[in-house]
Amino acid sequence: MGLAERRKALGYSQEKLAQLLGVDRTTVGRWESGRIKPQPPQRRGLASALEVSLTELDTLLTQPRAVSQEAAGQQSSDRQGPGDPDEMIRREFLRILTVSGALTALPLDEAEALTDGVRRGAPADFTRMNNRLWQVYQLARAKGSVYPVVRDQLSTLNEALAGTRGNSRPLLHAAADLFQLAGEVAFDDNRYTDAAASYSLAASVSKDAGAFDLWACALVRYAYVDMSEHHYRQAAQVLGAAERLAKRGDSILATRHWVAAVQAEAYAGIGDLDACERALDQAERVMELTTDSTNGGWLRFDGTRLAEERGARYVQLGRLDLAEETLKKALAQTALASGQSYRRRGAVLTDLAAVGAKRRDPEQVVAYGREAIRLAQASSSGYVARRLQSLCDEFGTLSRDRRVAELGAEIATLSTP
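Calculation notes
- Counting restarts for each chain, with residues numbered from 1 along the sequence as it is written.
- Under the rules for a predicted model, residues below a pLDDT of 70 receive no local features and side-chain atom pairs below 80 are neither given nor counted, while totals for whole chains, interfaces and linings still include all residues.
- Water and hydrogen atoms play no part in the side-chain values, which are based on all heavy atoms of the structure.
- In this text, helices come from DSSP runs of H or I with a minimum length of four residues, and strands from runs of E with a minimum of two, each type numbered from the N-terminal end.
- With a 1.4 Å probe rolled over the protein chains alone, any residue whose accessible area is under 20% of its type maximum counts as buried; one over 50% counts as exposed, and the rest are partly exposed.
- In what follows, a contact means two residues having at least one pair of non-hydrogen atoms within 4.5 Å.
- Under the convention used here, a 1.4 Å probe and the Shrake-Rupley method define accessible areas, while residue burial counts only the protein chains that appear.
- Each nonpolar core is a collection of buried residues, namely Ala, Val, Leu, Ile, Met, Phe, Trp, Tyr and Cys, held together in the definition by side-chain atoms within 4.5 Å.
- By this rule, a helix spans an expected 1.5 Å times one less than how many residues it contains.
- Along the arc lie the directions from the helix axis toward the C-beta atoms.
- In the analysis that follows, any N or O atom pair within 3.5 Å is treated as a polar contact, provided that within protein one partner can donate a hydrogen and the other can accept it, and provided that, for residues neighboring in sequence, both atoms belong to side chains.
- Geometry of aromatic contacts follows a simple scheme: Phe, Tyr and Trp rings, the Trp one being its six-membered ring, pair when their centres are within 6.5 Å, and the pair is stacked under 30 degrees between planes, edge-to-face over 60, tilted otherwise.
- A ring is scored as having a charge over it whenever the NZ atom of a lysine or the CZ atom of an arginine sits within 6 Å of its centre and within 35 degrees of its normal.
- For this analysis, a salt bridge means a side-chain nitrogen from Lys or Arg found within 4 Å of a carboxyl oxygen belonging to Asp or Glu.

Which parts of the structure should I look at to understand the overall build of the protein chain?
Looking only at helices and strands, the protein chain features 22 helices and zero strands. When the 417 residues of the protein chain are sorted by exposure, 52% land in the buried category. Put simply, 67% of the contacts in the protein chain that link residues at least 6 apart link residues at least 24 apart. Of the accessible surface of the protein chain, which amounts to about 18,700 Å², a share of 50% is contributed by carbon and sulfur atoms.

How should I be thinking about the nonpolar core in this particular structure?
Soluble globular proteins: nonpolar side chains tend toward being buried together. In terms of nonpolar packing, the biggest core is built from 59 residues, with Val 150, Leu 157, Phe 179 and Phe 301 touching the most fellow members. Sorting the residues of this core by element identifies α9 (122-139), α10 (147-164), α11 (169-188), α12 (192-209), α13 (212-228), α14 (232-247) and α15 (255-270) as the ones contributing at least two each. Of all the elements, α11 adds the most residues to this core, at 10 residues. Once you skip the residues sitting within four places of it in the chain, Phe 301 turns out to touch Ala 254, His 257, Trp 258, Ala 261, Ala 283, Val 286, Ser 293, Thr 294, Leu 306 and Glu 309. The next biggest cluster of nonpolar side chains, apart from the first, holds 43 residues, and it includes Tyr 314, Leu 352, Ile 373 and Tyr 383.

Which parts of the structure should I look at to understand helix α16 (residues 273-284)?
In an α-helix there are 3.6 residues to a turn, and that puts residues three or four apart on one side. Compared with the 16 Å implied by 1.5 Å per residue over 12 residues, the 16 Å span of α16 between its first and last C-alpha is a close match. When we look at burial in α16, the residues that qualify are Ala 275, Cys 276, Ala 279, Leu 280 and Ala 283. Viewed end-on, α16 has its buried residues packed into an arc of 135°, placing them on one side of the element. Within α16, the exposed residues directed more than 90 degrees away from the buried face are Asp 274 and Arg 278. Of the residues flanking the start of α16, the one acting as N-cap is Asp 272, its side-chain oxygen 3.4 Å from the backbone nitrogen of Asp 274.

Can you help me understand the environment of Glu 277 in this one?
Relative to the assigned elements, Glu 277 resides in helix α16. Glu 277 sits in the partly exposed class, given a relative accessible area of 24%. Between the alpha carbons of Glu 277 and Arg 313 there is a distance of 9.2 Å; along the sequence they are 36 residues apart. Setting aside residues up to four positions removed in sequence, Glu 277 forms contacts with Arg 310 and Tyr 314.

Explain the environment of Thr 26 to me, please; I cannot follow it from the model alone.
Relative to the elements of secondary structure, Thr 26 occurs in helix α3 (residues 25-33). Setting aside residues no more than four positions away along its own chain, Thr 26 makes contact with Asn 190, Tyr 192 and Thr 193.

Can you walk me through the packing of aromatic side chains in this structure?
For any two aromatic rings, the description comes down to two numbers: the centre-to-centre distance and the angle of the planes. Following the criterion strictly, the structure yields three aromatic pairs and no others. Seen in terms of ring centroids, Phe 187 and Tyr 192 are 5.8 Å apart; in terms of plane orientation they differ by 35°. Their pairing is tilted. For the pair Phe 187 and Tyr 192, a shared accessibility class is recorded, and that class is buried. The cationic tip of Arg 343 hangs over the ring face of Tyr 383; the distance from NZ or CZ to the ring centre is 4.2 Å. Stacked on the ring of Phe 187, the Lys or Arg Arg 386 has its end atom at 4.7 Å from the ring centre.

What is the right way to look at the pattern of salt bridges in this model?
Close approach of charged atoms lets side chains of opposite charge pair. For the coordinates displayed, the defined rule picks out 23 salt bridges. The closest approach of N and O atoms between Arg 221 and Glu 184, which form a salt bridge, is 3.6 Å. Here Arg 221 is found in helix α13, whereas its partner Glu 184 is found in helix α11, with 37 residues between them in sequence. According to the relative accessible area criterion, Glu 184 is buried, its value standing at 13%. Where Lys 358 meets Glu 394, a salt bridge forms, and the shortest distance between an N and an O atom there is 3.4 Å. Note that Lys 358 is positioned in helix α19 (residues 342-358) and Glu 394 in the loop between α21 (382-392) and α22 (402-412), a separation of 36 residues in sequence. A relative accessible area of 32% places Lys 358 in the partly exposed class. A residue is classified by how much of its surface remains accessible, and Glu 394, at 30% relative accessible area, is partly exposed. In the salt-bridge network here, residues are joined through shared partners; they are Glu 277, Asp 281, Glu 284 and Arg 310.

Written out as C-alpha cells, the structure reads:
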C-alpha cells in the first residue's frame, strides 16, 4: 500500500488531507507521486492523519514510489495528448508566462509603441483572437483541449511584445485578457500554482494598462484559487480589493455584480448567511443593466447562472430545502439541459448529490452522483472531478451502503493531478 492508497482507504480526498495538515492540495499530490518528501515538521501530522507510525510512514513514502510515479504518469498521459506530458506542459507554460511578464514590465515608449502597434495591427488582432479563444473555451467539453492554442497565442504575444520594445495600452489590455484565459485552462486542470501565477500576472498588467474592470476580474479569478482550498477568509480579502476596483471601472459592465456573486460564495464558506444573501441580492441587480454587460471573454457574468450559484450557496450553509428547490429549477434551464454545459450541469448534479448526503439519503446521492461522474468522464473536467471528490467528504456513515461505496470508488478513478 502506498501513500495514496492509504489516504483513500481512510476515506480522505487529497483536498481533505491537505486541509487537515494545513498544506496545498498539490503538495499532497507531490508527496504521493514521490516528487518531494514531507518536511520534518509535517511528518508527524501526516503520520497521525494516516494512523501510522513514523516508521510505517517511511515505508509508505519510499516503497511504492515507482508504482505511484507510473500511475501518475499514466493519468497524465490519459489527460493530455500523446507526446505532451504534464510536466513539459507546465514548464513551457511557466516559461512563456515568465517571458511575458518581463516584456510587459519594460518601460513604455508610448509614441513608438503606438506607431509600431498600428503598423502590425497587433492589439486589434489579439483582441479578436482572444475573444474567439474564450468562445472556444466556453463551448469545449474538455477544457484542456484549448491549451495548445492558448500556448501558441502566448508565444505570438511574446513576439509582439519583444518587437515593440514597449507596449501600447491596447496591447497590455490584450495581454492581461490572455493571461486570465491561460489561468482558466490551468485552473480547470487543477494546476492551482500555474493558475495563480497567470491571474497575478494578469492583475499586474491590468494595473499598468489602467484597466480597472480587467484588474478586478483577475482578482476574482485568483479568489477562486483560495476558495478551492477552502481559504474563504483569504478569498474575502481578495474580493474586497476587487470590489473597490470594480467601483472605479465602467458602470455599464457587470464587473461589480460578478464580484458580489463570488463574494457570496466566500461568505457562505465562512458561514455568514446574512452577508451571503446581501451579496446575492447585489449580484442579481445585474438584470437592471440596460446594455450588454459582458464582453468577448474575460467578463461573461450576465446573471444566467445565479440560480445554480444561489443553490450552491444554500448547500454550503446547510439550508437543504432551499438548496434542493433552487438547484432543481436551475437544472431545468435550457443552458443546463443534457448535452449542453457539461461543467455547469455536473456542478449542479454534484450539489444535489451533496444535499442527499447531508440528508443521509443514499438513493439521491447515487442518482445524481452517477450522472455527474458521467459528465466528468465525458469532459475530462478537473473542476467537476474536484467537486465530486469533495462530495466524498460528505458520505460519512453512508459509505457503508454498497451503492455509495461503489460511487466513491468510481469517483476515485477520475483523473486529477
